[in-house]
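Summary of the model geometry
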Amino acid sequence: MDTPTAFVFVLFSSLALFQFGRADEQPLDWWQTAVFYQIYPRSFKDSDGNGVGDLNGITQKLDYLKDLGVGAVWLSPIYKSPMADFGYDISDFEDIDPIFGTLNDFDRLQRRTKELGIKLILDFVPNHSSDQHEWFIKSARREDPYTDYYTWADGKVDPLTGERSEPNNWLSVFRGSAWTWNEQRQQYYLHQFAIEQPDLNYRNPAVVEEMKNVVRFWLNKGVDGFRMDAIPFLFEDASFSDEAPSGDPNAKPGDHANLVHNMTQNLPETYDMITQWRAVLDEKKAEDNVTRLMMVEAYANLEHTMAYYGNNTVPGGHFPFNFLFITHLNNESSAAQVRGTINMWMREMREERWPNWVIGNHDQHRVASRFGPELADGLNMLALLLPGSVITYNGEEIGMEDGFVSWNDTVDPQGINAGEDRYLIMSRDFERTPFHWDNSTSSGFSTNETTWLPVSTNYHHLNLESQKSAEKSHYKVYKKLVQARNTSTIQRGDLNTAAISENVFAFSRTLEGSPTYIVIINLGYDAVDANLTSAFSNLPPELTVYTASIHSSRSAGDTLSSTDLHLQPKEALVLTTAAAL
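Since the model is a prediction, treat every value here as computed from it, not as a measurement. (Residues numbered from 1 in each chain as written. Predicted model: local features only at pLDDT ≥ 70, side-chain atom pairs only at ≥ 80, totals over all residues. Heavy atoms only, no water.)

1. Observations regarding unusual backbone geometry
Going from Asp 144 to Pro 145, the amide bond is cis rather than trans, its omega being 5°. One can find Pro 145 in the loop between helix H5 (134-140) and strand S8 (152-153). With a phi angle near 70°, Met 83 is a residue other than glycine that sits in the positive phi range. Tracing the chain through its elements places Met 83 in the loop between strand S5 (79-80) and strand S6 (92-96). One non-glycine residue with positive phi stands out, namely Asn 266, at about 60°. Mapping Asn 266 onto the fold places it in the loop between strand S13 (225-228) and helix H7 (268-288). (Helix = DSSP H or I, 4+ residues; strand = E, 2+ residues; numbered from the N terminus.)

2. Let's talk about the pairing of strand S18 (residues 494-499)
Here S18 lies mainly inside the structure; five of its six residues are buried. Here two bridges tie strand S2 (residues 17-19) to S18, and the two strands are oriented antiparallel to one another. Counted as the bridge partner of Leu 17 is Asn 496 from S18. Relative to strand S19 (residues 504-510), S18 runs antiparallel, the two being bridged by six bridges. By the bridge assignment for S19, Asp 494 is matched with Thr 510. Counting the residues between successive antiparallel strands, the hairpin from S18 to S19 contains four residues. (Buried < 20%, exposed > 50% of the residue type's maximum accessible area, 1.4 Å probe, protein only. Pairing = 2+ DSSP bridges.)

3. Focus: the environment of Ser 442
Mapped onto the secondary structure, Ser 442 falls in the loop between helix H14 (423-426) and helix H15 (464-469). The spacing of Ser 442 and Ala 556 is 114 residues in sequence and 34 Å in space, taken between C-alpha atoms. Filtering out sequence-adjacent residues up to four positions away, Ser 442 remains in contact with Asn 448, Glu 449, Thr 451, Val 455 and Tyr 459. (Contact = heavy atoms within 4.5 Å.)

4. Observations regarding the pattern of salt bridges
Under the defined criterion, the tally for this structure stands at 27 salt bridges. Between Asp 85 and Arg 428 there is a salt bridge; the shortest N-O distance is 3.2 Å. Of this pair, Asp 85 sits in the loop between S5 and S6 while Arg 428 is found in the loop between H14 and H15, placing the two residues 343 residues apart along the sequence. Notably, a salt bridge pairs Glu 143 with Arg 141, separated by 3.2 Å at the nearest N-O pair. With a relative accessible area of 29%, Glu 143 lands in the partly exposed category. Take Arg 141: its relative accessible area is 45%, and that puts it in the partly exposed class. When salt bridges with common partners are traced through the structure, they connect Asp 85, Asp 363, Asp 412, Arg 428 and Arg 432 into a single cluster. (Salt bridge = Lys/Arg side-chain N within 4 Å of Asp/Glu carboxyl O.)

5. Comments concerning the confidence of the model for the protein chain
Of all residues in the protein chain, 96% attain a pLDDT of 70 or more, and the chain-wide mean is 95. Low confidence marks residues 1-15, where pLDDT is under 50. Its contacts with residues over four positions away, or in another chain, come to 50 contacts. (pLDDT = per-residue confidence, 0-100.)

6. A word on the pairing of S19
Most of S19 is tucked away: six of the seven residues are buried. Examined bridge by bridge, S19 and strand S20 (residues 517-522) share six bridges and lie antiparallel to one another. Pairing of Ser 508 across the sheet is with Ile 518, part of S20. Connecting the antiparallel pair S19 and S20 is a turn made up of six residues, with Gly 513 showing a positive phi of about 85°.

7. Digging into the environment of Asn 531
For Asn 531, the location among the structural elements is in the loop between strand S21 (528-530) and strand S22 (542-548). Apart from the residues lying within four places of it in its own chain, the contact partners of Asn 531 are Ile 500, Ser 562 and Thr 563. Among the polar contacts listed, one links the side chain of Asn 531 to the side chain of Thr 533, at a separation of 2.5 Å. (Polar contact = N/O pair within 3.5 Å; in protein donor to acceptor, adjacent residues only side chain to side chain.)

8. Thoughts on helix H6 (residues 205-220)
Over its 16 residues, H6 extends 22 Å from the first C-alpha to the last, a length consistent with the 22 Å expected when each residue adds 1.5 Å. Near the N-terminus of H6, the side chain that reaches the backbone nitrogen of Ala 206, with its oxygen 2.9 Å away, is that of Asn 204. Once H6 ends, the next one or two residues include Gly 222, with phi positive near 100°. (Expected span 1.5 Å × (residues − 1).)

9. What to know about helix H10 (residues 335-346)
Taking 1.5 Å per residue, 12 residues should reach 16 Å; H10 reaches 17 Å between its end C-alpha atoms and fits that length. The complete set of buried residues in H10 reads Ala 335, Val 338, Thr 341, Ile 342, Asn 343, Trp 345 and Met 346.

10. Quick word on the packing of aromatic side chains
Evaluation of the coordinates by the stated rule reveals 42 aromatic pairs. Ring geometry for Trp 152 against Tyr 189: centres 5.9 Å apart, planes inclined by 70°, an arrangement best described as edge-to-face. Within this pair, whereas Trp 152 is found in strand S8, its partner Tyr 189 is found in strand S12 (residues 187-190), the two being separated by 37 residues in sequence. The class of Trp 152 is buried, set by a relative accessible area of 10%. What links up through ring pairs into an aromatic cluster is the set Trp 30, Trp 31, Phe 36, Trp 74, Tyr 299, Phe 319, Phe 321, Phe 323 and Trp 354. When the ring centre of Trp 30 is taken as reference, the NZ or CZ atom of Lys 119 above it lies at 5.3 Å. The aromatic ring of Tyr 546 is capped on one face by Lys 480, whose charged end is 4.1 Å from the ring centroid. (Phe/Tyr/Trp six-rings, centres within 6.5 Å; stacked < 30°, edge-to-face > 60°. Lys NZ or Arg CZ within 6 Å of the ring centre and 35° of its normal.)

11. Focus: the sheet that holds S8
Strand order in the open sheet formed by three strands is S8-S12-S11, and the pairing between neighbours is antiparallel. Two strands close off the open sheet at either side, each with one partner strand: S8 and strand S11 (179-182). Looking at chain direction, S11 and S12 are connected through four bridges and run antiparallel. When the bridges of S12 are listed, Asn 182 appears paired with Gln 187.

Structure (structure tokens):
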């Protein structure tokens, strides 16, 4: 790993203290301090008025991201695609889809990010291609060398009736069988997602080399790293054995959740593939000593997730995404549950591992909708001020909520496959509605009144422009948090977590010789009193408010008692021992 070798981790379980190091350590790498900002390109900014966001729109808004304090931009897929899964079904891994622009537009974007000192991260989608990719078309024809580029199988034939059926009981994430019959080839092909997304066969060395060359192509165009999509699905058990029932009482027939996916996810070969891609990234780093980053998307249990880090001998990704805030917490979580979730991840941070925090993305309902808009600032305080890297989904900095998308307007295949009765549960469209720039036509996202997904109706009062001019706003709180991340205390300070009461969670960041920061959040619906000295030692009698959630009556610069702190319902504060702000 590129983590400095002097960076140490020690756990004192009785104190829940996670000790990170001293102020005189060698500098951290760029990816350890940067704020990563995920852009869903279709919904960020439309530059040409067709109702769909594009690369030139992103380029237009890079100055905003620089001013916000963003250090790296991660783009969801922009490659050439029939858009069956909105860019995750790729027909050419080395070209830009016309709906987003051209390779020249990409080069212009890449040059501008470099001018602004912003790193550029692309989504790498290795598990599958589009069924319109040249490789799949030729594989279906059994044309060499593409014959075995995908996972094909004959299926089962009933000896009495001659009726053919799928090779096994594997299910697609998007519901139904993970196998589809191809008439031309007279075989089934595997697709763990949409029917239009056939799985590549990583047991074929030619496929491995093809995908390594895709990585090299974009590295040579100046990309600074990749977010690796759906990594657990890369390899399947070669015996094609059935998977066991999960017993999930909430799963409906055909739901992916009906099975235990030990034959199709997190196989040992998958971790080796990550190591091979890491080697490609490190080849590029060897040219100029600048790290090319690998972030791994893996919704998996903690053991499998940690394995994606690799180890000191065999490096894996720089970090797998930490989805615990998404999978373990909700608007009813107690202070002890929040503390336990944070500690669960931090206990795994051995010397070669670097922590990270993700509170939302394009596949999950927005933070302000999951936890309630009152806690939007509090969740950003957690994500940005805990130790390690942070990934912000576009719109979280202004507290955007899910937009409503009717069944007639639904376009997400996961929602469509669930049917009208269940699309509200399964669709990902709600968190993908366009960004709220201002209160003009289509929230300033587009000059077109018709957009690919409808703009949320609350954009008239919830938008960036109004938050810039407001006395208090999510945007202004977020900027203050980014500024705090640049301090030595937040970058290197020790972490101590505490559940002060049932609904009051707090953590401190301390570093000898530097100001202390304390985040305290009232998760409950009632006002409470808290004594910070019961959880944190060596605090002065009074602390200064660094920033406060927007519904708080406190403002930056206010002084509050360490021993008798009154918290309003859902109030979140960042306090500091700094004498002046």
